[in-house]
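# Survey of secondary and tertiary structure
In case you want the letters, here they are:
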Amino acid sequence: MMIVRELREAWRRLVGRLGYTLLSVVVLGVGLGVLLFLFAMINDVILQPLPFPQANRLVAVGEPVFNGIGGMDSDQYLQLRGKLHSMALMGAYTGADINLDSGSGATHHTGALLTASMMKLLGIKPLLGRSLVPADDKPDAPRVVLLNEALWRHAFAADPHIIGRAVRVNGAWATVVGVLPSDVGFPSGDTEAWMPLHLESGRHGYISVAARLAPAIQLDQARAELNAWAGRLQRTLPPGQRAERLTIYPLSVSFAPLDLRRWLWLMFGAGVVVMLLACINVANLQLMQTLQRRHELALRSALGGSRARLMLGALIESLLLAAAALAVALPVAHGCIRWMHETWMATHPDSIPFTHGIDGWVLAFGAAVAMLGTALAGGIPAWRASRPDLQDALRDGSKGSGGGFARVAKVMVVVEVALTVVLLVGAGTFVRALDALLAQPTVGATHATHVLTANVALPPKLYRDDAQRIRFFDSVVERLRQDPGVVDATASDTVPSAVLGSHEDVSLPGQVQPSDGWLRPQMGIVDPHFLDTYGVRLLEGRFFDARDHAGSEPVVVVDAKMAATMWPHQGALNRKLVLYPGHSWAKTVTVVGVVQSLQLDSMTERSRPGLLMPLDQAATMSPLHAVGLAVRTHAAAVAFSPRLTDAVHGVDPQAAVYAVYSQAKDIAVARVGLVVLTDVFSGLGLVALLLAAAGLYGVLAFSVEQRTREIGIRRAIGAVGGAILRDAGRQLFWQLGLGLLIGFVLAVPWSNVLASPDLRTRAHDPVVFVTVLLLVGCVSVLAVLLPLLRALRVDPAIALRYE
């Protein structure tokens, strides 16, 4: 009964102070909503990234890369498979373009090739039919395909007799043997079809490898066994072939690299700070309300009310606020998640294959944080309220500043200002980096809106070798160049400033491998029209032409950064380079030209030296992959899309054209990661600034209200408004100054954490620090002046009625 009575009283108090209640709920709800959104991202990427049985036992095996783990050579996988006792099962997979003809023409779909063991390893059970079996892995096995449920429903009208049906896949017939549930997005979120991965010894290919750890085996034990196998693996490989350095990571790292995880934790940490600011604000509001109730609480204490009973009422009030705040937080978090999907996931469907949104874990986390936050926010005033100074509180007309209450409120204002400075420094750091990035010109003189890019998927059965593929692209490029609306057209595997061809090892002839590894420049495979299509300047020598065919001397063109790195203060022309050093397929090439510095990768990635290789010759060294088209037009390129598709289908109607974008959109998509980071930190900084301003305003407004009698007396005896403002300013100046000082002390290491050469973020940027100082100072002064100016407009006679 006592709890019920206190619950009723708490509800009555909250409804009676509706303005205070709504402000508290909104403040807590926004802070909690932001934190829930960031926790949902952590949950998707780090805590529950893979919806497979015992997902924590799944690992990736491959070559270590700067942000996680890559793949390995298929021959090495075949040597390792079944040899490692620490792994119960190993499987391999790779992405693939799939042209599917269900009877109404070929359409392009994102697909994957994988070994039958991958299905068992992941525990994937088909919705219809069967999974892949070991017999499907044999190179001479009948062709089979598995479909995603959504594709089955859309392209085949959910035909219940789909199992056993023959369809044309990549120009050849294959039998549908199974349908997988829609939530199976492996290895990417937009994968719609799966086929067997046929591996043969001696036919090198770069594949991704996964494994399930054996029972009781830990990750470090598996790594130790893999390292012990390194020497034996080298002895089993053909002469001249170097075994790659391999490592093991949790499988989730393949989809969410280490750098992404780091930024997510940093954003989550900033979200915790925002939630802390919200709690501090609510604590201040509750302190003020408790101060107004001092007389009532003192009476209850004098009449025998226990300390626990007084605290219980305040804590029940906090829990009611928590429930209301959670109701506000859920739509805020949902809106943020939707924004994330529209800005990031929509342009990178292959980045995180599985997303949970607001699931049970997120709800439980939100409820726990809401209760804990409001309990902490209400705990301080509840503790103070349970220890009333009876003589002071019961004295008639006591309208002082509240003693200990006011001191606690002032301390919390200092904390608010300090935390706001830290968050704003983070926001300013990213805004400055984004501004600098957007100010950078793209590679080449061509306007990015006048270049149209597209990917083309060719049926493998119709294009069995790279020579056929090259002839196809040559024919399409010639068709496009004859169009009167086209300035030039090219075929390549890179889009400057947006899409990287590859990173490849290079060395000088006879060079010993450095301790930190070979130089890995950005490499693009291009045709002779690449420079004119993108407007890239040739600085020295020549570019590729008809002389650079498959049977001629291998040549490359390097950019200015590559030339300066490999041959500082010397000429690069006619110099020799070794591609793929340490491998049996290493090739010595001659530099025939130097172009302006290239950024063949996204502009948010680290700038590296670059080199270009002719399309015809690259095919003799390794299989071609991801070759696309680019067209430079006289007008806006997007309008040219239908004519580009017509040109491709004019050469081969079975070729599927997809991802048709302007270069400007390619660049925007490549930048979206930094844009998301900037928007998140800017949003956190803005929320923090508003919360700090509200906190300052609320504390001062209440303080002024408590001092109405004092201000009235001073006005009545002749004090001018300026003197009263200066006196109040002196009392508040130390709070603001101390908060700024503490904030900047904390912001220095925070800016060190956010500094990244890849993202162009700088530590200790003076422009950011000065801007934050001015912004926080101006907002704080405004928050201080408004209630004081309002108090000065009170008639002294009315104020003196308190006497």
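The structure under discussion appears in the preceding block.
We now turn to the structure provided with this report. Small disclaimer: the values here were computed from a predicted structure and weren't measured.

### Points about the overall build of the protein chain
Each helix and strand in the protein chain was counted, giving 22 helices and 25 strands. Looking at the protein chain as a whole, 52% of its 803 residues qualify as buried. Counting only contacts in the protein chain whose residues sit at least 6 apart along the sequence, the fraction spanning at least 24 positions is 81%. Of the roughly 34,900 Å² that the protein chain leaves accessible, carbon and sulfur atoms contribute 61%.

### Overview of the packing of aromatic side chains
Enumeration over the complete set of coordinates arrives at 15 aromatic pairs. With a centroid separation of 5.4 Å and 75 degrees between ring planes, the pair formed by Trp 263 and Phe 430 is classed as edge-to-face. Here the residue Trp 263 occupies a position in helix H7 (residues 258-292), and Phe 430 occupies one in helix H12 (residues 404-439), the gap between them amounting to 167 residues. By relative accessible area, Phe 430 is classed as buried at 0%. Aromatic rings pair up to connect Phe 39, Trp 265, Phe 268 and Phe 365 into one cluster. Its guanidinium or amino end placed over the ring of Trp 263, Arg 262 lies 4.7 Å from that ring's centre, counting from NZ or CZ.

### Comments concerning the nonpolar core
Membership of the largest hydrophobic core comes to 67 residues, with the highest contact counts inside it found for Leu 32, Phe 37, Leu 38, Phe 430 and Phe 681. Elements supplying a minimum of two residues to this core: helix H2 (18-47), H7, helix H9 (307-345), helix H10 (360-385), H12, helix H18 (663-706) and helix H20 (721-754). If one sorts the elements of this core by residue count, H7 sits on top with 17 residues. Of all hydrophobic cores here, the second largest spans 46 residues; its members include Ala 489, Leu 615, Leu 624 and Val 657.

### Quick notes on the environment of His 634
Within the secondary structure, His 634 sits in the loop between strand E24 (628-633) and helix H17 (641-651). Distance in space between the C-alpha atoms of His 634 and Val 486 is 6.3 Å, their sequence separation being 148 residues. In this view, His 634 contacts His 450, Pro 484, Gly 485, Val 486 and Val 487; residues no more than four positions away in its chain are not counted.

### Structural notes on H17
Turning to H17, its buried residues are Ser 641, Leu 644, Ala 647 and Val 648. Projected down its long axis, H17 shows its buried positions confined to an angular sector of 125 degrees, all on one face. Exposed and oriented more than 90 degrees from the buried face of H17 are Pro 642 and Asp 646. The elements touched by buried residues of H17 are strand E14 (451-457), helix H13 (466-481), E24 and strand E25 (656-662).

### Things to note about unusual backbone geometry
Phi angles above zero are rare outside glycine, and Ala 158 is one such case at about 55 degrees. On the secondary structure map, Ala 158 appears in the loop between helix H5 (149-155) and strand E9 (166-169). Relative accessible area serves as the criterion here: at 22%, Ala 158 is assigned to the partly exposed category. In this model, His 569 sits at a positive phi of 60 degrees, which is unusual for a non-glycine residue. For His 569, the location among the structural elements is in the loop between helix H15 (560-566) and strand E21 (576-579). For His 569, a relative accessible area of 87% translates into the label exposed.

### Describing the side chain of Thr 494
As for its position among the elements, Thr 494 is in the loop between strand E15 (486-492) and strand E16 (502-503). A relative accessible area of 1% places Thr 494 in the buried class. Within the structure, Thr 494 has its side chain in polar contact with the backbone oxygen of Val 499 (distance 2.7 Å). Dropping the residues within four chain positions of it, Thr 494 is found in contact with Val 499, Leu 500, Gly 501, Gly 524, Val 526, Phe 530, Tyr 534 and Leu 600.

### Considerations on a nonpolar patch on the surface
On the surface, a cluster of nonpolar side chains totalling about 540 Å² of accessible area is made up of Trp 734, Leu 738, Leu 741, Ile 742, Val 745 and Leu 746. Taking relative accessible area as the criterion, Leu 741 reaches 54% and is therefore assigned exposed.

### Some words on the environment of Pro 521
Mapping Pro 521 onto the fold places it in the loop between strand E17 (506-507) and strand E18 (522-526). Assessed through its relative accessible area of 0%, Pro 521 is described here as buried. Sequence-distant contacts of Pro 521, defined by excluding residues within four places in its chain, comprise Ser 502, His 503, Glu 504, Val 506, Met 562, Pro 609, Gly 610 and Leu 611.

Conventions we followed
- Residues numbered from 1 in each chain as written.
- Predicted model: local features only at pLDDT ≥ 70, side-chain atom pairs only at ≥ 80, totals over all residues.
- Heavy atoms only, no water.
- Helix = DSSP H or I, 4+ residues; strand = E, 2+ residues; numbered from the N terminus.
- Buried < 20%, exposed > 50% of the residue type's maximum accessible area, 1.4 Å probe, protein only.
- Contact = heavy atoms within 4.5 Å.
- Areas by Shrake-Rupley, 256 points an atom, 1.4 Å probe, with all protein chains shown as cover.
- Phe/Tyr/Trp six-rings, centres within 6.5 Å; stacked < 30°, edge-to-face > 60°.
- Lys NZ or Arg CZ within 6 Å of the ring centre and 35° of its normal.
- Core = buried A, V, L, I, M, F, W, Y, C linked by side-chain atoms within 4.5 Å.
- Arc of directions from axis to C-beta.
- Polar contact = N/O pair within 3.5 Å; in protein donor to acceptor, adjacent residues only side chain to side chain.
- Patch = residues over 30% accessible without salt bridge, like charges linked within 9 Å, V, L, I, M, F, W, Y side chains within 5 Å.
- Salt bridge = Lys/Arg side-chain N within 4 Å of Asp/Glu carboxyl O.

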